[in-house]
Amino acid sequence: MARWCYRHRLVVLVLWVGALFGLGAAGSSAGTDYSNSFSLPDTDSTHAYDLMVKAFPESSGDTDTVVWRVSEGSVRDTAVRERIEPALKEIAGMKGVGDVASPYGPAGATQISEDGRIAYAQVTFAEQANGVPKKLVEDVVDTAQDAERAGLQVELGGQAIARIQEPPTGTAEMVGIAAAAVVLFLAFGSLFAMVLPLVIAIFGVGTGMLSTMLISHATDVPEVAPLLGSLIGLGVGIDYALFIVTRHRKGILRGMAPEDSAVTALNTSGRAVLFAGGTVCIALAGMLVMNMRFLDGVVIATSLTVVLSVLAAITLLPALLGVLGMRVLSRRQRRRLAANGPESVEPGGAAARWSATVQKRPRSIALVAVVVMAALAIPVLSLRLGATDQGNHRKDTTTRQAYDLLAEGFGPGFNGPLQLVAKDAEPAAVQSLVGKVRATEGVAQAVALPSQPGSGITVIQVVPTSSPQSEQTDQLIDTLRDEVIPQSGEEVHVGGVTAIFKDFAAVTGDRLPYFVGTIIALGFLLLLIAFRSLVVPLTAALMNLIAAAASFGVLVAIFQWGWGAEALGLGKEGPITAFLPVIMLSLLFGLSMDYQVFLVSRMHEEWVHTKDNARAVRVGLAETSRVINCAALIMICVFSAFVLSGDMEGAMAGIGLAAAVALDAFILRTALVPAAMHLLGRSNWWLPAGLEKRLPHLAVEPSQDAPEFAVSVPGPRSERRAGAGTGAGGSVVHGFVRTESGEPVADAILTLVSPGGSQVDRVESLADGSYILSALAGGAYMLAVTAGIHEPWVRHIMIGGDPLVHDVVLSDLGVSR
C-alpha cells in the first residue's frame, strides 16, 4: 500500500483534501449538538434531576446573573436604581432573552443582600448556553457594564457569559503546532521535513473534529470531547509522522532510493505506528469499563481522531514523501551524501554516550530516577475529585468576580444550592422537612419553592454555609441523605449541580481500580505477545503506574494546592475534575505504550540476533532515545499549549499530560527502564517454554531493516554458523577474525549491511576465527563485527563478482584498522 500511495500521490492528496473540505462543509451545515450532562443512572442526584425536568419542563433556557455592588450606601438608592433599571429593561427587550428577574420587582427582596450593598438579577435566555448567539451575550455584557460608575461595580456570571471569555477557537492548537514546528525544524534541519508531521496532524485532527461534530447529532458527545480529541490527535499525529519520516530520512542517508526508503519506512516504523495507534484506542476504549455514558462520547471523539491520524500517517504521508523526493533532506545533508556516500549504521553522538553511561552506572541512575518520581508522586495522596466552577476562573474575569460578589453578599453556598426534590409528599410533611433541614448544621437557608400544579413534585432549595467545592458541603449532602431525609419518611432525592458532581466523583472513585486493572492487563498481554517476555510487560506496567502517580502529583500540587496556579493564569485552586483521571490514564497508558514499544522493539531485535542483553539495551537506547525525546518534546509543547484553551478541564488535561510525557520520556524510558533492564540481565527475555508455544505471534515491526534483496536472511545465532553457507549464491566475503596478537576470535558476530542499512547476512565466526558472508549482488556494503570484550568494528567494503577476502583485527582498546 505504501508503494501505491507513493506512486499515486496526486490521487491520495485529492482524496484527503476532498475528505477534509467535504466534512467541513457538512459540519458547517449541520452545526453541533454537544451534551454537557454529567449525571449517572441510578444515582440520587439523577433521580432528583429527572423529577425536576418533569415538573418544570419550561425551564430549559440558560440562566445567567448580573451582579452589582456599591462601595457606599445601598443598592436601593435612587441613583443606583436609575442606572441599573434602564440597563435591565434594555436587556429584557433583546431578541433571545426570555425573562429578567430584577431585585427591584415585587418578589425581588431576596435578591438583595442583608447589608444592602450587593444585588443580582437573573437573565434567562431562550436557549441553552451553547445555543445562545455570541453577539447577544456580548450585547448583554456591554449593556450591563455600561451602567458602571465610580462606586458601582457590575459583573456577570453564568455559562453563556463564560463562553465569550474563552480565547478564539483553535488558539491552543495553533500555539501547540507553532511550538512543535520549532522542535521539528531543530530536529530535522529541513523546512520540508518539518512541515510533513504538521500536515499529517492537521489532516488527522481536522477530519476527526469535523466527524465528531456530525456524530454529536447521533449520540451524546460532551462539549469537552472535541478539545480532548484535538489534544491527543495533535500529539499522536505529529509523533507518528515523526517516527516514519525519521526512518525514511535514515534510509536515504544510508543510500536507498527515496521510493524504496519510503516503502521500507512504512513497512517498519509504519507497522509500529499501527500497533501504537491500536494500543491507544484500546486504552481509550478502557473507559467503557467505567459504565459512564458521559465518557462514551469522549471515547468516540478521541478514538476516531487517533484512527484518522494513523490513517493519514500510513497513506497521506507516503504520498507527501513522493512529492518531496530527496528534498526531505536538508541541502547540507544532500551535499554530504553526494560527497561522502552513505552514512554508518552504528549509533553515535550524545545518545550513544548516554546509553553507555546508563550501562556503566545502572544502580545510581535507577536510584536517582526512583527518588525523583517518588517525590513528585507524594501530592497524589491528597487527591480529591470534584468539579470546577466559575469560582476557579482567573481573578480578572467577570465571571470570577460575579461569583465572589455573590459569595460575599449571600454566603459561599449561594453559588451551588442543593435541591431536595420530593414526590407526592403532603404539605405538612414538606414543612416539617424544611424545619429539620434548617436546623441541620451547615445549612444557611432552606425554602420550599412554589410547586407546579398537578405535578406532585415539591422542591426545597437548600443553600449551604460552605462553598460548592468544600468538603463541608459534601458532608452536608451525606447528612441530608443518611440522617435527615430518612427521618421524614418521604421519598426525597438530593439534587443540584453540586450533588451531581459529588455522585460522579464517588462513582469514579469506586470504579477507577477496575479501570486501571483493565488497561494494565491489556497492556501486559499486548507486550507479552509482542516481545515474548514476562519481565518486559511487568516492567512496563510498573512504569505506567509510576508515571501516572507522579503526573497526578504534579496536577494536585498545581490545581488542588494552588502552587503557581494564579501566576500561570490558571485560576483559583480547587478539586480535580472527577472525570479527568479516567481520561488522563487512558491517554497516558496509550502514549507510554508508544514509547515502550519503540524503545524495547529495537532492544528485542538486537537480543534476538546477539543474545547479549547489555548490547541489546545499549544499542536500543542509543538508537531510539533521540527520536523518543524529540517526540516527547513535541507532545509537551502541544499539551502545554492547551492552558490557553480557556477551559479549566482542558488546562488540567494539558498540564497533566505534559508532565506525564516529560517524566515518562526523560526519566522512565531513557533512564529507569534501561537501567532496570541492565540490572535484570538475561531475565528480561525469560518466557516459560509452555507459554511460548501457546502465545500467538505478533510482529510489531519486522527486522530492523527488511532486506531489499532476495537473500536468505539468517535466523538467531544458534541457527547459523560461518561454515554453513547460505544457499543464496552470488558474491561472498570471507576471511578471519583475530586479535592484534594474532589469536583467532571465535563466536564473533559479523553482519553484512546494504547501503540502505538493510541486513543482508549475519554469521558467527568458527573456532579458528573464519567466517563467510554472502550477498546476492556486488556493490558497496558495510561490515560490522562484535565480539565479547572487544570494541565494535565497522568498515565499508566493496564486493565484486569474485569472492572478497577481508580479515578483521579486533582490539580490546578500540578499532585498530
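Residues numbered from 1 in each chain as written. Predicted model: local features only at pLDDT ≥ 70, side-chain atom pairs only at ≥ 80, totals over all residues. Heavy atoms only, no water.

### Let's talk about the overall build of the protein
Item 1. The helix and strand inventory of the protein stands at 23 helices and 18 strands.
Item 2. Here the protein holds 817 residues, and the buried ones make up 56% of them.
Item 3. Across the protein, the fraction of contacts at a sequence separation of at least 24, relative to all contacts at a separation of at least 6, is 76%.
Item 4. Put simply, the protein shows about 33,400 Å² of open surface, and 58% of that area lies on carbon and sulfur atoms. (Helix = DSSP H or I, 4+ residues; strand = E, 2+ residues; numbered from the N terminus. Buried < 20%, exposed > 50% of the residue type's maximum accessible area, 1.4 Å probe, protein only. Contact = heavy atoms within 4.5 Å. Areas by Shrake-Rupley, 256 points an atom, 1.4 Å probe, with all protein chains shown as cover.)

### With respect to the sheet that holds strand E13 (residues 759-764)
Either a parallel or an antiparallel arrangement is found when strands of a sheet pair, and the pairing is made through backbone hydrogen bonds.
Item 1. Strand order across the open sheet formed by four strands is E13-E12-E15-E16, with antiparallel pairing between neighbours. Taken across any chain shown, the strands that pair with only one partner, and hence form the sheet edges, are E13 and strand E16 (790-799). When strand polarity is set aside, the average angle formed by the axes of neighbouring strands in this sheet is 15°.
Item 2. As defined by bridge partners, strand E15 (residues 779-787) adjoins E16 across eight bridges and the pair is classed as antiparallel. By the bridge assignment for E16, Ala787 is matched with His790. (Pairing = 2+ DSSP bridges. Axes fitted to C-alpha atoms, helices over the stretch in contact; angles between N-to-C directions.)

### Side note on the confidence of the model for the protein
Item 1. Taken as a whole, the protein shows an average pLDDT of 82; of its residues, 89% reach a score of 70 or greater.
Item 2. Taken element by element, the predicted model of the protein shows its lowest mean pLDDT in E16 (79) and its highest in helix H14 (residues 362-377) (94).
Item 3. Note on residues 703-729: pLDDT is under 50 here. Beyond four places in sequence and across chains, it has 70 contacts. (pLDDT = per-residue confidence, 0-100.)

### Considerations on the pairing of strand E9 (residues 492-495)
Item 1. Covered by surrounding structure in E9 are Val492 and Val494 together with His493 and Gly495, the residues of both alternating faces.
Item 2. Here four bridges tie strand E6 (residues 418-423) to E9, and the two strands are oriented antiparallel to one another. Directly across from Gln419, in E9, lies its bridge partner Gly495.

### Focus: the pattern of salt bridges
Item 1. Evaluated as defined, the whole model comprises 13 salt bridges.
Item 2. For Asp139, the salt bridge goes to Lys135, with nearest N and O atoms at 2.9 Å. With Asp139 and Lys135 both in helix H5 (residues 134-145) and four residues apart, the pair spans about one turn of that helix.
Item 3. Between Asp478 and Lys502 there is a salt bridge whose closest N-O contact spans 3.0 Å. Here Asp478, found in helix H17 (residues 471-488), pairs with Lys502, found in helix H18 (residues 497-531); they are 24 residues apart in sequence, far enough to count as distant.
Item 4. Asp478 gets classed as partly exposed once you look at its relative accessible area, which sits at 31%. (Salt bridge = Lys/Arg side-chain N within 4 Å of Asp/Glu carboxyl O.)

### With respect to the packing of aromatic side chains
Item 1. If you walk through the whole model with that rule in mind, you get seven aromatic pairs.
Item 2. Pairing Trp607 with Trp685 gives two aromatic rings, centres 5.8 Å apart and planes at 15°, and the pair type is stacked. Here the residue Trp607 occupies a position in helix H20 (residues 580-610), and Trp685 occupies one in the loop between helix H22 (648-680) and helix H23 (689-694), the gap between them amounting to 78 residues. Judged on exposure class, the residue Trp607 and its partner Trp685 are both buried.
Item 3. Ring-pair connections join several aromatic residues into one group, and the members of that group are Tyr120, Phe410 and Phe414.
Item 4. Lying over the aromatic face of Tyr6, Arg9 brings its terminal NZ or CZ to 5.5 Å of the ring centre.
Item 5. Lying over the aromatic face of Phe192, Arg327 brings its terminal NZ or CZ to 5.4 Å of the ring centre. (Phe/Tyr/Trp six-rings, centres within 6.5 Å; stacked < 30°, edge-to-face > 60°. Lys NZ or Arg CZ within 6 Å of the ring centre and 35° of its normal.)

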